[in-house]
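Here is how the chains run, residue by residue.
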Amino acid sequence: VPGPLEPLADAALGLARTTTAGRIALVAAREVVPAPLLPPRVAAVEPATAEPLPWPAVARVLRDAWGADPEDELDAIEREPAAVTPTGQVHRGVLDGAPVAVKVRRPGVAEVVRSDLRTLEVLAAPLRAVLPRIDAGRLLAEARERALDELDLEHEASAQRRLARAARGAEGLAVPAPVMRLSHPAVLVTAWAEGTPVADLAGAPAARREAAARALVRLHVGSAREALAHCDPHPRHALLAPDGAVALLDHGATRAVAPERVDRAVAALDALLDEDGASFGTALAALGWLPEEDGPAAAALAWDLAGDLLAGPAVLDVDALLAVRARAVARRDDVLALAARATLPPEDLLPLRMLGALVLVLAPLAVELDWPAAVRAAATRGFAQ
Ligand SMILES: Nc1ncnc2c1ncn2[C@@H]1O[C@H](COP(=O)(O)OP(=O)(O)OP(=O)(O)O)[C@@H](O)[C@H]1O
Ligand SMILES: [Mg+2]
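Small disclaimer: the values here were computed from a predicted structure and weren't measured.

### Some details on the site of ligand 1
Right, on to step 1. In the vicinity of ligand 1, 17 residues are found, and the nearest of them are Thr85, Thr87, Lys103, Arg236 and Asp250.
Right, on to step 2. Interatomic distance of 2.3 Å between a side-chain N/O atom of Thr87 and an oxygen atom of ligand 1.
Right, on to step 3. At 3.1 Å, a side-chain N or O of Arg105 approaches an oxygen atom of ligand 1.
Right, on to step 4. Burial of ligand 1 by the protein chains amounts to 85% of its free accessible area of 620 Å².
Right, on to step 5. Where the shell around ligand 1 is concerned, the elements lending two or more residues are strand E2 (83-85), strand E4 (98-105) and strand E6 (187-191).
Right, on to step 6. In terms of residue class, the shell around ligand 1 is built from 7 nonpolar, 4 polar and 6 charged.

Shown next as structure tokens:
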């Protein structure tokens with residue numbers, strides 16, 4: 001039965017096929033969403049692989065940024081990139097005897113994405129068909145502003161500095177410190193982090209997978225309590241070191257979060273876990289997500305969809321998420337009925353993207369944990385354990 005979700009999916013896929021910004025988002029989605037959960041139509045779009053920038057082009061970006069030859073500012077820099085992405089690449093270097101990561105923005109990409117962001121407007125009407133009470137204009141404006149932040153590596157440097165300071169002294173967590181003197185809209189230099197990306201941990205011993213999963217929840221959910229949410233969970237943005245510490249990379253997509261909103265989200269979680277629909281409604285209304293009277297129906301639906309994952313220790317894996325999706329499809333009409341009554345304050349857009357992506361990054365680790373308790377602890381204590 002065609003419903004209001006299909007036109008939205010069509011519009012989003014259209015952007016992914018026809019714009020640079022859409023292709024960048026598609027590449028990220030394919031890396032974050034486990035393959036069995038990728039909608040077939042998304043899986044079918046094969047994005048072009050990013051070509052590495054040749055060294056002379058990288059050297060030019062660095063010279064333009066620093067007004068000096070790269071070798072004058074750094075002890076050394078490798079000419080072959082350590083990583084290549086659609087928006088740029090990362091080179092390994094040495095500064096004051098210590099290894100650093102030098103991230104360079106691909107020339108021209110910021111300009112192209114900035115102009116592509118106007119085309120986000122085509123999502124407004126189909127979005128309103130699913131969520132008629134939202135302010136689609138303000139939500140898309142928020143999406144645009146945060147995407148522009150994400151392209152600006154000087155913005156990223158200041159976000160990363162804040163979270164690096166917050167993580168100092170938090171056992172088991174690390175955020176590589178940026179070198180502010182060398183930061184520029186097109187260049188970011190940070191301490192090099194050693195470790196295995198979460199993407200490569202699927203077959204690791206259970207204790208290592210659990211250490212990574214616990215740290216991911218503390219880093220992402222905890223960052224909201226630290227007042228600057230890191231909203232870009234990705235299987236290559238977290239590195240597990242041999243000693244069990246996890247380093248978090250790529251601080252482009254961050255969002256300032258007011259402590260009151262985290263308090264309200266914790267109150268909503270507590271009410272949900274208590275199966276107290278009335279209090280859940282009060283908390284959701286305080287967040288501005290749903291009218292108070294919808295609390296009991298929303299709580300019942302959440303329990304029906306999430307089931308074991310809310311009830312205590314449970315394995316969060318790809319099969320568990322496929323089961324949640326199957327139950328959501330079975331109760332599609334109830335889900336859409338609640339969506340029709342929901343609102344979303346624009347400031348919550350990125351934090352919600354964070355929670356969604358976090359679940360998707362955690363699933364391949366297949367760890368058994370009391371997830372609501374871990375989330376609650378991080379939302380309450382931040383980076384502290
Ligand atoms: N400090 C670091 N230490 C080790 N490896 C790093 C570091 N910074 C980046 N890398 C490597 O480079 C890859 C790409 O870095 P990052 O995700 O920050 O770039 P990006 O995705 O191009 O950024 P953006 O989302 O801002 O366009 C990482 O997944 C990681 O493998
Ligand atoms: Mg990245």
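After that view of the structure, there is still more to cover.
### Thoughts on the coordination of the magnesium ion (ligand 2)
Right, on to step 1. Those donors, His237 (NE2) and Asp250 (OD), are the protein atoms that reach the magnesium ion (ligand 2), and they lie 2.1 Å from it. Of this pair, His237 sits in the loop between strand E8 (228-230) and strand E9 (238-240) while Asp250 sits in the loop between strand E10 (246-248) and strand E11 (254-256); the two residues are 13 residues apart in sequence, bridging distant segments of the chain.
Right, on to step 2. Residue classification places His237 among the buried residues on the basis of a relative accessible area of 11%.

### Concerning the packing of aromatic side chains
Right, on to step 1. The full count for this structure, using the stated rule, is 0 aromatic pairs.
Right, on to step 2. Directly above the aromatic system of Trp192 lies the positively charged group of Arg92, at a separation of 4.7 Å from the ring centroid.

### What to know about the pairing of E6
Right, on to step 1. Counted residue by residue, E6 has 4 buried out of 5 residues, so it is predominantly covered.
Right, on to step 2. Where E4 meets E6, 5 bridges bridge the pair, whose relative direction is antiparallel. The partner of Val100 across the bridge, within E6, is Ala191.

### Digging into the sheet that holds strand E7 (residues 196-197)
Whether parallel or antiparallel, the strands of a sheet pair through hydrogen bonds between backbone atoms.
Right, on to step 1. With mixed pairing, 4 strands are arranged side by side in an open sheet as E5-E10-E9-E7. Every other strand in the sheet has two partners, leaving strand E5 (173-174) and E7 as the edge strands with one partner each.
Right, on to step 2. Judged from the 3 bridges that link them, E9 and E10 form a sheet pairing that is antiparallel. Pairing of Ala238 across the sheet is with Leu248, part of E10.

### Focus on helix H8 (residues 136-151)
Right, on to step 1. Between its first and last C-alpha atoms H8 spans 23 Å; for 16 residues at 1.5 Å apiece the expected length is 22 Å, and the two agree.
Right, on to step 2. Among the residues of H8, those classed as buried are Ala136, Leu139, Leu140, Glu142, Arg144, Arg146, Asp149 and Leu151.
Right, on to step 3. Check the buried side of H8 and you find it contacts E4, helix H6 (109-116), helix H7 (124-130), helix H9 (153-167), E11 and helix H16 (349-362).

What counts, and at which threshold
- Residues numbered from 1 in each chain as written.
- Chains lettered and ligands numbered in written order.
- Predicted model: local features only at pLDDT ≥ 70, side-chain atom pairs only at ≥ 80, totals over all residues.
- Heavy atoms only, no water.
- Near = heavy atom within 4 Å.
- Polar contact = N/O pair within 3.5 Å; in protein donor to acceptor, adjacent residues only side chain to side chain.
- Areas by Shrake-Rupley, 256 points an atom, 1.4 Å probe, with all protein chains shown as cover.
- Helix = DSSP H or I, 4+ residues; strand = E, 2+ residues; numbered from the N terminus.
- Nonpolar A, V, L, I, M, F, W, Y, C, P; charged D, E, K, R; others polar.
- Donors = N, O, S within 2.8 Å, 3.2 Å for Na, K, Ca; no water.
- Buried < 20%, exposed > 50% of the residue type's maximum accessible area, 1.4 Å probe, protein only.
- Phe/Tyr/Trp six-rings, centres within 6.5 Å; stacked < 30°, edge-to-face > 60°.
- Lys NZ or Arg CZ within 6 Å of the ring centre and 35° of its normal.
- Pairing = 2+ DSSP bridges.
- Expected span 1.5 Å × (residues − 1).
- Contact = heavy atoms within 4.5 Å.

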